[in-house]
Structure formats: structure tokens, C-alpha cells
Amino acid sequence: MSVNFDLPYFPRDGLLQEVLRVFESGLKQGVTLFAPRRQGKTSFVKHELLPAAHEFGWRSYYVDLWKRRGEPELALVEALEAFANHRGLRQRLRLKEVKSKAKAPGAEIEATLEPGGHRPDDSLENRLDAALSALVKDGVTLLVLDEVQSLAGAKREDFVAALRTVLQKFQGKLLVFYTGSSREQLNAMFRKQRAPLFASTMAVQLPELHDDFVDDRLAFLAQRSVATVSKREFVQAFDDLGRTPGFFNELVLHLIIAGDGDLGKAMNAWRKAHVEAGAGAQLESLRPMEMAVMQLLAMRDHPSVYSADAAEFIKRSIDDAESVTPAKIQTAIKKLMRLDLVAPTGKVAGDYEIDDRAILIQLREGLL
Ligand SMILES: Nc1ncnc2c1ncn2[C@@H]1O[C@H](COP(=O)(O)OP(=O)(O)OP(=O)(O)O)[C@@H](O)[C@H]1O
Ligand SMILES: [Mg+2]
């Protein structure tokens, strides 16, 4: 079954207030929200942050950098230019361009400007500056950069530094909200860029959804299906699904469609749909050692990958037990990070977790 509509949104307790407090304090220009995939970052932005911004009369602009992650810097600049054009500012963009040209010593006023407001040879950095200058006007402007780790793939080393400089120029008028899901890529970004983008930001955590979310889904189910399920089993199912709201919503839909209140059957239908959708296809190319590390990380309360217990576990899982050395485990971890399958938890050094909850759940259940 493919699920093509969303269940009602359930607010993230206290998160919006926390974000607004940071912005209102004026102490930080940006807020970062980093959480694994599918946990609800974009939903929070769309259902809570953007509506609140609208209510305050802020102008807000949302850019998803994931969609064009092959060329994230161009994606960002073109999105901002499109917003500027959309607001009927093309004319003003051109004027600004002409004025700045005229001011440069010995410069001639260019007669031919591109329809988008920039010349073909204009640098991305200049275009970024021009587009943001056109967007940031009186009052408050909020820029949301979703999946900002995509900028780690920027081909121009200095683009992120330029972005930071331009954003800083508008401090006091421009607020920025960043979301990210790949910590490995974010770390790479920090290493690569001279000027860290997030120095002027405050990090917030996505609050976990608790039993009241399960209650809410239970009420939704009760309105649409005569069959009932027990709360205890429903709470357990939410846990089994890695406490991932999107998966739980899908389970609720399976239950509504079946109309029989059979939770076990609905869980099977959910699993089948995900296996069919290829949740584990990426794992097929893994070497035995890498797969063993994935199995290890899938266990609840698993030991540290570099511990003796972990080495024992991996040795038992593969034929070539001799080859299990800390260096080889490290190589496996690096490969899994490159594939975005695992990420450091950021809590304890050397502590890793599986990034994709669908893969985690299926490994736990021995389906992959
Ligand atoms: N607070 C919520 N209440 C109800 N459903 C939610 C909530 N948050 C997320 N969901 C469900 O989970 C799905 C995935 O959420 P979302 O796309 O916001 O996650 P994400 O963290 O942005 O993921 P990605 O990193 O893949 O972009 C949504 O389509 C929605 O069905
Ligand atoms: Mg998202």
C-alpha cells in the first residue's frame, strides 16, 4: 500500500517556544535543528514555525537544499533569486546592480542584464548577496534552510564562508533556521570550511513524541474504524517502529483500511510495504564485516563498536574471524558513514547509530 496523505500533525511540545525565545533574545541569528531522517524536522517547520512567522508578520522563505544536492550552492542562489523575482523585485535588483557597477572606479554601466537580474559572469557569491539584499527589507525576514548538510557537497570551498558573511551582514533583520539530518556531512562541512556557518547559532533538539501522541492516533483511529486496539499494544508498536511518527501514521492507515483492529497483521503489512519499497536495498552491496557492524548497531543497548564484546559479536557473524581488528572495524564504520547508513551519535566519542530508522527496524526484526 502506498500512503499518499498525511495524518494530522501533532505539535512538538515546547519546541516552537524555544526557537522563538532564541530569535527574540537577539543573541543568536540562527537556530539549528539536527535530527535523524524522518523524525519530523520538515513537518515542524511547515506546521509550526512558518505559520508562527506568518502570524508575526515576518516574511519567510523556505529552501530545501536536498532536492538539488548535486549543486546545492546554485540551488540556494536560484531559489533566493526566484523569491526576489516573485516579489516583483526584479526591477530593483537590476537597479542595485547598475548602481554598484557605476560606483566601481572606472566601471561602465552595463546595458545588458540577464532576465534573472544577474550577468552570466557574475559570481555566485555576488548573486547570493544581491538576492538576499532584495529579500531582506524592513521588518523581520526568516530564512529556512532545510537539509543544510547538502552544502557540504558544495564544489566551491569558499561558498559556505561567503554565505556566512552575507547572512551576518543582515544580522538584526534576518533570522535563519537550519535543519540537518546527516551529521557525517555536517562534520565534513565544519572540517572543510574556514568560517563555520553555525558559530552564530543555537542548537535545539527535536523533543521526542510520547504516549500523548499515541493517544492522539488512537482517537483518530477510533473516529474512523469500529475496531479497537489496546493502548498498551499501541505504545509498544510505536516503540517497535523506532518512535518514528511517519511510520506510526502509516501503521494507523493500515489499521483503518483493514478495519479489523489486528495490530500484528497491520505491522506485517507495514513491513511488507517497506521491504517492497527497497528499504534495505543499500545493504546488498555491503561486505560481511560491514553488515556485521550494521547488525551490531541495530541491537538495543549495543556495546561500543571498538569494545571487546563488539569484536566478539563481529567474529561470530562472519566466516573470516581472523580478520577482525580494530583497524578493520574502523574502515567498515568509515564506509558505512560515507554511505550515510550510520552516523556518530554525538553523545559519546566512538558511539554510532543507524541513521535510517526503516533499516534499523528491519535489521532488528531480522528481515534484512
Ligand atoms: N509531529 C508530527 N505529527 C504527526 N506526524 C508527523 C509529525 N512529524 C512527522 N510526522 C510524519 O512523519 C513524516 C516524516 O516527517 P518529516 O518529513 O517532517 O521528517 P524529516 O525529519 O524532515 O525527514 P527527512 O530528513 O527525511 O527530510 C511526515 O510525512 C509525517 O507523516
Ligand atoms: Mg525533511
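Our structure's up above, just so we're on the same page.
Because the structure is predicted, anything quoted here is derived from the model rather than measured.

Draft legend 1. View of the site of ligand 1. Around ligand 1, 19 residues are found, and the nearest of them are F10, R38, K41, T42 and S43. Between an oxygen atom of ligand 1 and a side-chain N or O atom of R37, the distance comes to 3.0 Å. With respect to ligand 1, the backbone of Q39 contributes an N or O atom lying 3.2 Å from an oxygen atom. Residue assignment for the shell around ligand 1 shows that the elements contributing at least two residues are helix 2 (41-55), helix 8 (211-224) and helix 10 (245-258).

Draft legend 2. Region of the structure containing the nonpolar core. If you look at the biggest cluster of nonpolar residues, it comprises 32 residues, and the most contacted ones within it are L76, L80, L145, V148, L167 and L197. Mapped by element, the contributors of at least two residues to this core are strand 2 (59-64), helix 3 (72-86), helix 5 (124-135), strand 3 (141-146), helix 6 (159-169), strand 4 (174-180) and helix 7 (183-192). If you tally residues by element for this core, the top one is helix 5, at 6 residues.

Draft legend 3. A look at the side chain of Q149. With respect to the element layout, Q149 can be found in the loop between strand 3 and helix 6. Residue classification places Q149 among the buried positions, given a relative accessible area of 0%. Of note is the side chain of Q149, whose polar atom sits 2.8 Å from the side chain of E147. The residues contacting Q149, other than those within four sequence positions of it, are W66, T179, G180, S181, S182, Q185, L186 and M189.

Draft legend 4. Region of interest: the pattern of salt bridges. Under the counting rule described, the total for this entry stands at 14 salt bridges. The closest approach of N and O atoms between D240 and R300, which form a salt bridge, is 3.9 Å. On the criterion of sequence distance, the pair formed by D240 in helix 9 (residues 231-240) and R300 in the loop between helix 12 (288-298) and helix 13 (308-317) is long-range, its members being 60 residues apart. We note a salt bridge from E290 to K335, for which the minimum N-O separation is 3.1 Å.

Draft legend 5. Structural view of the environment of L74. Counting through the fold element by element, L74 comes out in helix 3. Classification of L74 as partly exposed rests on a relative accessible area of 23%. Linking L74 and A154, residues 80 residues apart in sequence, is a C-alpha distance of 8.8 Å.

Draft legend 6. Representation of the sheet that holds strand 2 in the model. A sheet is described by the order of its strands in space; here 5 strands give the open sequence 2-3-4-1-5, paired in parallel fashion. Edge positions in the open sheet fall to strand 2 and strand 5 (201-204), since each of these has one partner strand only. The mean inter-strand angle of the sheet, taken between neighbouring strand axes irrespective of direction, is 20°. Both strand 1 (residues 30-34) and strand 5 contribute to a ladder of 4 bridges, which runs parallel. Within strand 5, the residue paired with L33 across the bridge is V204.

The rules we used
- Residues numbered from 1 in each chain as written.
- Chains lettered and ligands numbered in written order.
- Predicted model: local features only at pLDDT ≥ 70, side-chain atom pairs only at ≥ 80, totals over all residues.
- Heavy atoms only, no water.
- Near = heavy atom within 4 Å.
- Polar contact = N/O pair within 3.5 Å; in protein donor to acceptor, adjacent residues only side chain to side chain.
- Helix = DSSP H or I, 4+ residues; strand = E, 2+ residues; numbered from the N terminus.
- Core = buried A, V, L, I, M, F, W, Y, C linked by side-chain atoms within 4.5 Å.
- Buried < 20%, exposed > 50% of the residue type's maximum accessible area, 1.4 Å probe, protein only.
- Contact = heavy atoms within 4.5 Å.
- Salt bridge = Lys/Arg side-chain N within 4 Å of Asp/Glu carboxyl O.
- Pairing = 2+ DSSP bridges.
- Axes fitted to C-alpha atoms, helices over the stretch in contact; angles between N-to-C directions.

Distances and angles like these do not, on their own, reveal function.
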